[in-house]
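Take a look at the letters that make up each chain.
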Amino acid sequence: MAETSTLRRSPLSHLHDRMIAASVTGDRAVSVTETPFLAQVSLRVEPGTAAAARLGTVLGGALPDGVGRTMTAGTLGVAWLGPDELLVVAQADPQSLTAALSEALGSDRGAVVDVSANRTVLELSGPGARSVLEKGCPVDLHPRAFGPGVAVTTTLGPVPLLLWQTAPATYRLLPRTSFADYVARWLVDAMTELGSPEVP
Amino acid sequence: MSTTPLPEHPAWLWRNPDPKPSYDAVVVGGGGHGLATAYYLARNHGLTNIAVLEKGWLAGGNMARNTTIIRSNYLLDQSAAMYEFALRLWEDLPAELDYDFLFSQRGVLNLAHTLQDVRESTRRVNANRLNGVDAEWLDADEVAKVCPILNTSPDIRYPVLGATFQPRAGIAKHDHVAWAFARACDAMGVDIIQHCEVTGFVRDGDRVVGVETTRGRIGAGVVGLTAAGHSSVLAEAAGFRLPIQSHPLQALVSELYEPVHPTVVMSNHVHVYASQAHKGELVMGAGVDSYNGYGQRGSFHVIEHQMAAAVELFPIFARAHLLRTWGGIVDVSPDASPIIGPTPVDGLFVNCGWGTGGFKATPSAGWTMAHTMATGEPHPLNRPFGLERFTTGALVDEHGAAAVAH
Amino acid sequence: MMLLTCPWCGPRNETEFHYGGQAHVAYPERPADLTDEEWAEFLFFRDNTRGPFAERWAHSVGCRRWFNAVRDTRTYEVLAVYRPGDPRPALGDAVPAPTPAP
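Bear in mind that the values here come from a model prediction, so they are computed numbers and not experimental data. (Residues numbered from 1 in each chain as written. Chains lettered and ligands numbered in written order. Predicted model: local features only at pLDDT ≥ 70, side-chain atom pairs only at ≥ 80, totals over all residues. Heavy atoms only, no water.)

**So, the interface of chain A and chain C**
- Each partner contributes residues to the interface: chain A has 18 residues there, and chain C has 15 residues.
- Summed over both sides, the interface of chain A with chain C buries roughly 1,300 Å², with 53% coming from carbon and sulfur.
- Here chain A is connected to chain C by three salt bridges.
- The shortest N-O distance in the salt bridge between C:Arg65 and A:Asp84 comes to 2.1 Å.
- Per-element tally for the side of chain A that touches chain C: the top contributor is strand E8 (residues 150-156) of chain A, with five residues.
- Within the side of chain A that touches chain C, the residues separate by chemical class into ten nonpolar, four polar and four charged. (Contact = heavy atoms within 4.5 Å. Buried area = accessible area lost by both parts, 1.4 Å probe. Salt bridge = Lys/Arg side-chain N within 4 Å of Asp/Glu carboxyl O. Helix = DSSP H or I, 4+ residues; strand = E, 2+ residues; numbered from the N terminus. Nonpolar A, V, L, I, M, F, W, Y, C, P; charged D, E, K, R; others polar.)

Structure, rendered in structure tokens:
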């Protein structure tokens with residue numbers, strides 16, 4: 001089998017320079033990067049079942065069990081997408097991760113599917129990150145309602161995506177691959193204003 | 001203090017009579033369709049002992065809220081016949097009613113943005129021509145000549161690949177249309193009774209013999225429902241169901257500007273339509289809100305989307321100021337075509353389901369509804385639009401030509 | 001702007017949802033046995049209530065689940081939301097919204 005990793009190109013490779021150039025420094029600093037080629041596995045499993053517990057064991061912790069909740073173990077994270085649907089995002093080999101999870105599910109009701117090519121991962125970080133997202137995300141991102149370790153599926157502008165806050169001023173955005181170009185350009189545009197002094 | 005006396009109040013265009021105990025025909029709903037129905041009942045059928053009952057003020061519902069576009073470039077034979085008949089009536093009505101309601105045949109462009117749009121549009125042009133409707137296919141350069149402010153460059157998200165053009169289409173001043181019909185009705189003896197809400201129907205066996213109203217019981221030989229937005233509510237009161245869902249439909253106007261927009265532009269694909277009224281406002285509308293609603297208001301994101309589309313198509317609008325947005329209630333039928341005809345109740349007729357397109361059909365809806373009420377039988381033009389088509393399956397599917405999402 | 005409460009995700013903006021029309025319309029058990037009138041009734045006729053109306057919504061960009069809501073079509077006030085399969089609640093018994101973490 002050909003070694004595809006040397007040929008493959010990330011959905012935003014053509015915009016990396018634009019994204020670097022858009023970095024803003026100062027009080028409202030913000031920057032955006034792509035973290036391409038993470039392993040992503042879709043899990044469908046009934047919560048509270050033995051199968052769910054076995055999958056949790058493979059992943060290194062109990063599966064998140066409600067809206068907004070996540071679980072992290074090292075470089076691996078699991079986000080709740082729906083009542084019986086989760087997304088695993090990891091720096092790992094997708095094939096062996098999928099195989100391990102499939103084995104844990106066994107013949108129980110559920111599904112384990114490698115969806116690594118479905119979405120790409122953008123990371124938006126800096127004190128200005130929340131202001132950028134608030135220009136086009138209908139979810140309340142204020143710390144009273146959102147914070148590190150919270151992930152929800154919502155929209156940014158017109159684009160549906162998974163929004164995952166990983167640190168006090170860092171968000172992961174997971175749009176589908178075909179929308180990634182739009183999201184990156186949207187972010188670059190939304191960040192521009194923060195480079196100028198704030199108009200009270 | 002000035003001692004100059006106030007000027008004389010101009011003559012009222014119609015009386016404000018108290019309801020009589022009974023009428024030969026009662027029309028429920030004093031909007032454009034109700035007034036046109038009463039007008040043609042009197043003019044074409046010699047019935048003058050008629051009342052038009054309006055729960056609010058005359059023409060204060062969708063007649064006050066529509067974006068006044070008049071065109072007849074519908075795809076199917078039945079619709080083209082209905083709307084083209086209306087357009088011919090529109091062309092004569094200012095003289096017939098002796099009222100200049102600013103009918104301006106400035107043409108309408110229906111834009112095509114995709115290959116599929118182009119195919120559908122050229123098909124519609126051909127169908128229109130076969131039906132005697134003036135229609136042309138214009139490529140992007142020709143579109144730019146008709147409407148120079150339209151962005152026809154190829155680098156926008158949904159480039160303009162061409163458009164259908166109907167030169168005889170246009171706009172009219174909606175409230176003047178209502179007043180013109182009301183004055184003519186009144187002159188023929190029709191009682192226009194405002195602030196008179198129909199709350200129930202009086203039946204003798206299977207036949208309707210009157211209506212209960214907030215101003216008492218009124219007897220009726222025949223009753224016509226022309227109450228767009230509330231058709232289902234009235235039908236329920238009369239004991240039958242309509243295949244209608246009522247949705248909010250929004251529109252907006254800008255502040256007044258010098259004339260910049262010479263025609264009417266509609267885009268099915270990006271969901272906006274725009275014209276410029278005689279006073280100078282840019283008038284824009286969008287698709288319906290998705291949910292059922294009688295609130296005469298819709299959601300902000302619909303307005304936002306429609307303005308984004310308008311600014312992309314008309315860069316010159318980018319700095320225009322929004323003056324006012326509003327909403328009406330549209331009756332949406334399963335095939336995006338109207339329902340005009342008899343109901344399961346004898347003597348009770350209905351005209352509803354025009355979706356977003358009722359204004360342009362005001363004269364032909366009135367003409368055919370009057371015929372149906374006076375004779376008990378549909379006019380050839382509205383025969384295909386009866387309630388029974390939902391059982392027979394002979395739908396008139398005009399989703400494509402209805403111009404905005406239904 | 002309408003804030004809808006998804007039974008699984010809590011209050012979210014209306015733009016995250018897709019409308020599904022009247023709720024509790026059962027597919028006929030034996031469609032082939034219906035008369036043309038009965039089939040037309042099922043296919044094309046839906047309640048068009050002016051007032052509290054039980055209707056379906058899908059949280060299409062969120063958890064992608066369908067649910068039901070009772071909403072007043074005059075004021076657009078959402079009176080109750082409940083999961084599919086649950087009976088239409090008596091008005092006033094609104095399902096409490098789940099609290100999003102943290």
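**Examining the packing of helix H2 (residues 77-96) of chain B against helix H8 (residues 362-375) of chain B**
Residue and element names in this part refer to chain B.
- Closest axis-to-axis distance for the H2/H8 pair is 7 Å, and the angle between their directions is 105°. Considering their axes alone, H2 and H8 lie roughly perpendicular with respect to each other. Residue-level inspection shows Met82, Phe85, Ala86, Leu89, Trp90 and Leu93 of H2 in contact with H8, the latter providing Thr362, Pro363, Ser364, Trp367 and Thr368.
- Split into classes, the residues belonging to the contact of H2 with H8 amount to eight nonpolar, three polar and no charged. (Axes fitted to C-alpha atoms, helices over the stretch in contact; angles between N-to-C directions. Parallel < 35°, antiparallel > 145°, perpendicular 65-115°, else oblique.)

**Topic: unusual backbone geometry**
All names here are of chain B.
- Even without being a glycine, alanine 59 presents a positive backbone phi close to 55°.
- Mapped onto the fold, alanine 59 is located in the loop between strand E2 (50-53) and strand E3 (69-70).
- The phi torsion at alanine 336 lies on the positive side, around 60°, for a residue other than glycine.
- In this fold, alanine 336 is placed in the loop between strand E16 (322-332) and strand E17 (339-342).

**Notes on the pairing of strand E14 (residues 272-276) of chain B**
Residues and elements named next belong to chain B.
- Counting buried positions along E14 gives five out of five residues, so the element sits mostly inside the fold.
- Taking every second residue as pointing to the same face, both faces of E14 are buried, with Val272, Ala274 and Gln276 on one and Tyr273 and Ser275 on the other.
- Relative to E14, strand E13 (residues 264-267) runs antiparallel, the two being bridged by three bridges. Directly across from methionine 266, in E14, lies its bridge partner tyrosine 273.
- Counted along the chain from E13 to the antiparallel partner E14, the turn is four residues long, and its residue histidine 271 has a positive phi close to 65°. (Buried < 20%, exposed > 50% of the residue type's maximum accessible area, 1.4 Å probe, protein only. Pairing = 2+ DSSP bridges.)

**As for the interface of chain B and chain C**
- Listed per partner, the contact involves 25 residues of chain B and 24 residues of chain C.
- When chain B packs against chain C, close to 2,200 Å² is buried across both sides, 54% of that on carbon and sulfur atoms.
- Of all residues in chain B, the largest losses of buried area upon contact with chain C belong to B:Arg241, B:Tyr291 and B:Tyr294, amounting jointly to 30% of the total for that side.
- Taken together, the connections running from chain B to chain C amount to two salt bridges.
- The partner of B:Arg241 in a salt bridge is C:Asp47, and the shortest N-O contact between them spans 2.6 Å.
- Elements with a contribution of two residues or more to the side of chain B that touches chain C: helix H6 (231-238), strand E12 (245-256), helix H7 (300-313) and helix H9 (389-392) of chain B.
- Sorting elements by how many residues they give to the side of chain B that touches chain C places E12(B) first, with three residues.

**Comments concerning the sheet that holds strand E6 (residues 110-114) of chain A**
Residue and element names in this part refer to chain A.
- Pairing in this open sheet of five strands is antiparallel, and the strands run E3-E4-E5-E2-E6 from one edge to the other. Of all the strands in the sheet, the pair left with one neighbour each is strand E3 (70-73) and E6. The mean angle between the axes of side-by-side strands here comes to 15°, regardless of whether they run parallel or antiparallel.
- Note that strand E2 (residues 39-45) and E6 share five bridges and pair antiparallel. Residue valine 45 lies in a different strand from E6, and its bridge partner there is glycine 110.

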